[in-house]
Amino acid sequence: SPRIHELNVTAISALESLLARGREAGVFRQELQALEIHSLISALCFFNVSNKHTFGLIFKTQETDGKASILQREQVIDAILRFVSR
């Protein structure tokens, strides 16, 4: 699709702005690029979603109340913040 490159432009712009503010405040690493962060977030989230049922079967855990999704979200946020922080 010729429009596929437009799909994540908003996300990349938001990340660029966020990274710039974090760099200026001295809390984010200077060398980071928005596309790298977007890729990392996507990878972590996609893995959790695409492997949810497989992990449930292997480790005999089934999410019924949404707590696992909340915990995974918090873990992804924590991992990203640790990665971008100085």
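See the structure printed just above.
The shown structure was predicted, so the numbers you read here are calculated from the model rather than taken from an experiment.

Structural notes on the overall build of the chain
(1) Moving on: Broken down by element type, the chain carries 4 helices and 0 strands.
(2) Moving on: Beginning at the N terminus, the succession of helices and strands in the chain can be written as α-α-α-α.
(3) Moving on: Along the first, second and third principal axes, the C-alpha atoms of the chain reach 45 × 40 × 20 Å.
(4) Moving on: Expressed as a percentage of its 86 residues, the buried residues of the chain come to 15%.
(5) Moving on: Positive and negative side-chain charges in the chain, numbering 10 and 9 respectively, have mean positions lying 4 Å apart.

Some points on the layout of surface pockets
(1) Moving on: Its boundaries defined by the atoms lining it, the second largest pocket holds a volume of some 210 Å³.
(2) Moving on: Considering the residues around the second largest pocket, the lining is formed by Leu15, Leu18, Leu19, Phe28, Ile37, Ile41, Arg73, Val76, Ile77, Ile80, Leu81 and Val84.
(3) Moving on: Among the secondary structure elements, those contributing two or more residues to the lining of the second largest pocket are helix H1 (9-24), helix H2 (34-50) and helix H4 (67-84).
(4) Moving on: Among the elements that line the lining of the second largest pocket, the one with the most residues is H4, at 6 residues.
(5) Moving on: Here the lining of the second largest pocket is composed, by residue class, of 11 nonpolar, no polar and 1 charged.

Looking at the pattern of salt bridges
(1) Moving on: Evaluated as defined, the whole model comprises 2 salt bridges.
(2) Moving on: Here glutamate 31 ties to arginine 29 by a salt bridge, and the two come within 2.6 Å at their closest N and O atoms.
(3) Moving on: Note on glutamate 31: relative accessible area 48%, which makes it partly exposed.
(4) Moving on: Residue class for arginine 29 comes out partly exposed when judged on its relative accessible area of 23%.
(5) Moving on: Among the salt bridges present, the one from aspartate 78 reaches arginine 82, with a minimum N-O distance of 2.9 Å. Of this pair, aspartate 78 and arginine 82 both sit in helix H4, separated by 4 residues, roughly a single helical turn.

Cut-offs and rules
Residues numbered from 1 in each chain as written. Predicted model: local features only at pLDDT ≥ 70, side-chain atom pairs only at ≥ 80, totals over all residues. Heavy atoms only, no water. Helix = DSSP H or I, 4+ residues; strand = E, 2+ residues; numbered from the N terminus. Buried < 20%, exposed > 50% of the residue type's maximum accessible area, 1.4 Å probe, protein only. Lys, Arg positive; Asp, Glu negative; His and termini not counted. Charge placed at Lys NZ, Arg CZ, Asp CG, Glu CD. 1 Å grid on protein atoms, 1.4 Å probe; cavity = no way out; pocket = protein on both sides within 12 Å on 5 of 7 lines; lining within 4 Å. Points joined across faces, edges and corners; volume = space filled by probe spheres on them. Nonpolar A, V, L, I, M, F, W, Y, C, P; charged D, E, K, R; others polar. Salt bridge = Lys/Arg side-chain N within 4 Å of Asp/Glu carboxyl O.

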